Amino acid sequence: MNTTKAIYTIGHRNPDTDSICSAIGYAHLKQAMGVNAVPARAGKVNAETKYALEYFKAEQPMLIVDLYPRVKDVMLKCRAVVKTTDSLRRLGEVMRENQLRSVPVIGPDEKLVGIVTVSDLAQRYFKELNMQSFVEAGVSYRDIIRVVDGEVIVSGDEGAQVEGSVRIAAGSNRMIKDIIKPGDVVLIGDRQDETFINCLHQEISCFVVTGNGYVSPNVVEEAEKKHVFIVNSPYDTYTCARLINQCVPVSRIMKTKLVSFHALDLLSDIKGQMEEKKFACYPVLENGKLVGVLSRDQAMKPEREQVIMVDHNEKVQAVEGIEEAKILEIIDHHRLGGIQTSEPIFTRQEPVGCTATIVANMHWHREIEIPQQLAGLLLSAILSDTVLFKSPTCTDYDKKTAERLAKIAGVDLHEYGMAMLKAGSGIGDMTPTEIVKNDLKEFRIGDYRIIVSQISVMDTKEVMKLEPKLIESMHAVCEREGYNMSLVMVTDIIEEGTYLLFAGSPRTLIGEAFQKDASGNYIYLPGVMSRKKQIIPPLSEAVQKIRN
Ligand SMILES: [Mn+2]
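Keep in mind the model is a prediction, meaning the values are calculated, not measured. (Residues numbered from 1 in each chain as written. Predicted model: local features only at pLDDT ≥ 70, side-chain atom pairs only at ≥ 80, totals over all residues.)

J.: Quick one: what's the story with the overall build of the protein, residue by residue and with numbers?
T.: The number of helices and strands found in the protein is 21 helices and 22 strands. Taking 2.2 N^0.38 as the reference for a compact globule, 548 residues should give roughly 24 Å; the C-alpha atoms of the protein span a radius of gyration of 37 Å, well beyond that estimate. Projected onto its principal axes, the C-alpha positions of the protein cover 120 × 50 × 45 Å. Looking at the protein alone, contacts between residues at least 24 apart form 62% of all its contacts between residues at least 6 apart. (Helix = DSSP H or I, 4+ residues; strand = E, 2+ residues; numbered from the N terminus. Rg over C-alpha atoms; globule rule 2.2 N^0.38 Å. Contact = placed C-beta atoms within 7 Å.)

J.: Quick one: what's the story with the nonpolar core, residue by residue and with numbers?
T.: One finds Ile-10, Val-307, Leu-378, Leu-379, Leu-487 and Leu-501 to be the most contacted residues of the largest nonpolar core, which totals 87 residues. Ranked by residue count, the leading element in this core is helix 14 (residues 372–385), at eight residues. Structurally, this core is a two-domain feature, drawing no fewer than three residues from each of domain 1 (7–69 + 304–424) and domain 4 (432–547). Leu-91, Ala-169, Leu-187 and Val-209 belong to the second-largest nonpolar core, a separate cluster that totals 47 residues. (Core = buried A, V, L, I, M, F, W, Y, C linked by C-beta atoms within 7 Å. Buried ≥ 20, exposed ≤ 12 C-beta atoms within 10 Å, placed from the backbone. Domains from an automatic or database assignment.)

J.: I'd like a description of the sheet that holds strand 4 (residues 82–83), backed by residues and values.
T.: The sheet built from three strands is open, its strands ordered 4-5-6 with mixed pairing. The two strands at the open ends of the sheet, each matched to only one other strand, are strand 4 and strand 6 (112–117). Pairing of strand 4 with strand 5 (residues 102–106), which is carried by two bridges, proceeds in the parallel orientation. Across the sheet, the residue bridging to Lys-83 is Ile-106, located in strand 5. (Pairing = 2+ DSSP bridges.)

J.: Quick one: what's the story with the domain arrangement of the protein, residue by residue and with numbers?
T.: For the protein, the assigned domains are domain 1 (7–69 + 304–424), domain 2 (74–126 + 251–300), domain 3 (132–247) and domain 4 (432–547). On a C-alpha basis, the centroid separation for the pair domain 2 and domain 4 is 55 Å.

J.: Could you give an account of the environment of Cys-199, with specific residues and numbers?
T.: Locating Cys-199 in the fold gives a position in helix 8 (residues 193–201). Those residues in contact with Cys-199 that lie beyond four places of it in its chain are Ala-169, Ile-176, Ile-180, Val-186 and Ile-204.

Structure representation (structure tokens):
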């Protein structure tokens, strides 16, 4: 079992089948190589991918909404807590055993009520001399008996609360009369009966006989008459006094003015508060319950999330917060879109039809077996990205890889491929806005921010009926999110062609790129199926031309 921090393999936003399945596949490869890799996804799984995952009984990778560090990423499990009723002695033990400088305090309902620190405890010891009074301290006789390891010689109501103070029967009998008051707990050594009797006359509540001193039958008899405890302790007077002081419950010294955080709080949001308060440690709560502790040191310089990007390399397509993460590797088959890293990284870029083709072959080159389920998923990705090998991006390498995977997966390649594409091709009850955002990717082309979505269907009429509404929605997206243009590819996977809808400006870019009359809202491009090979390159070239 690898317990190091997980490395996420993750595809682009609005993930397609390749982004999901290559993330799963590459995580498998890394795991086989002893790396704690975990597949993740940067968005909702589409209908086609869902079909593939369910067909091969695979689970969806975990969703990562963003990579901004949050409290949950750096908080520690709470190693120990104390209850409000626990004694200071118990607190000291807990601190020592766990090497803690602060301990959260929970109430009877397990909810956090306070926190105690080493400095609270130290302050208590400095005040010890003035703290002999147990009035309202919530200390019972049972607590005292327990703390001094006492043997009860004369018993009483052990659950009752101590109301007096702790005194030491020292000095002359006259002094005893001055010092000792009704209700007191009296520490007494090996003294004569007269001293015991004098104390009893002061209406005390309890003797703690230190150093296992002798108590005469006469004293026992008198104590029984007056309902006064006699407890024998093996410890000396000094030790007993200190131990009894440690009976005080934690609730007496804990801080109740707390600064706590939630697991999902962004570290960037709470930094200011931590800098201001300067506590070493903060409780993390979920519905009032303690779920962890956040140390200031850890929160101030969090360990960055580590990611491997698959099926994309452009920052604008990556999961939000990628700039906060450490990119370890990129495995991809798209144009290089200008990502910057702080250190040298491993990249594998191949101009093939699908990332899964690269991932499958990386397994085979390293002689790592691809299990049947994964073979099915990687095959699905290839069939999806190459639209059953029809896309111009498809290479012989993709085809050969797919055939080999189909054998391992035990499916008929064409039959399965058609069924999968069909599952993802209907628009069902998608709204125009959902169609416009389907499989959306953002590109920076020249100085323009352009989004290009694609929907692959068996029958384009169904989608093209919605053209006016789609155009309206495309304009709205551009305006709301500040894009220059929105393009939607409605791709006919049977006829092998694409209706390219466009909104925004400059329209001349479309006319120039595809050499068509772009005065309407769309053009038809026969034979066009690939965004990255047949749409983005002509747009990039056209940008140069219209600039000149
Ligand atoms: Mn891909």
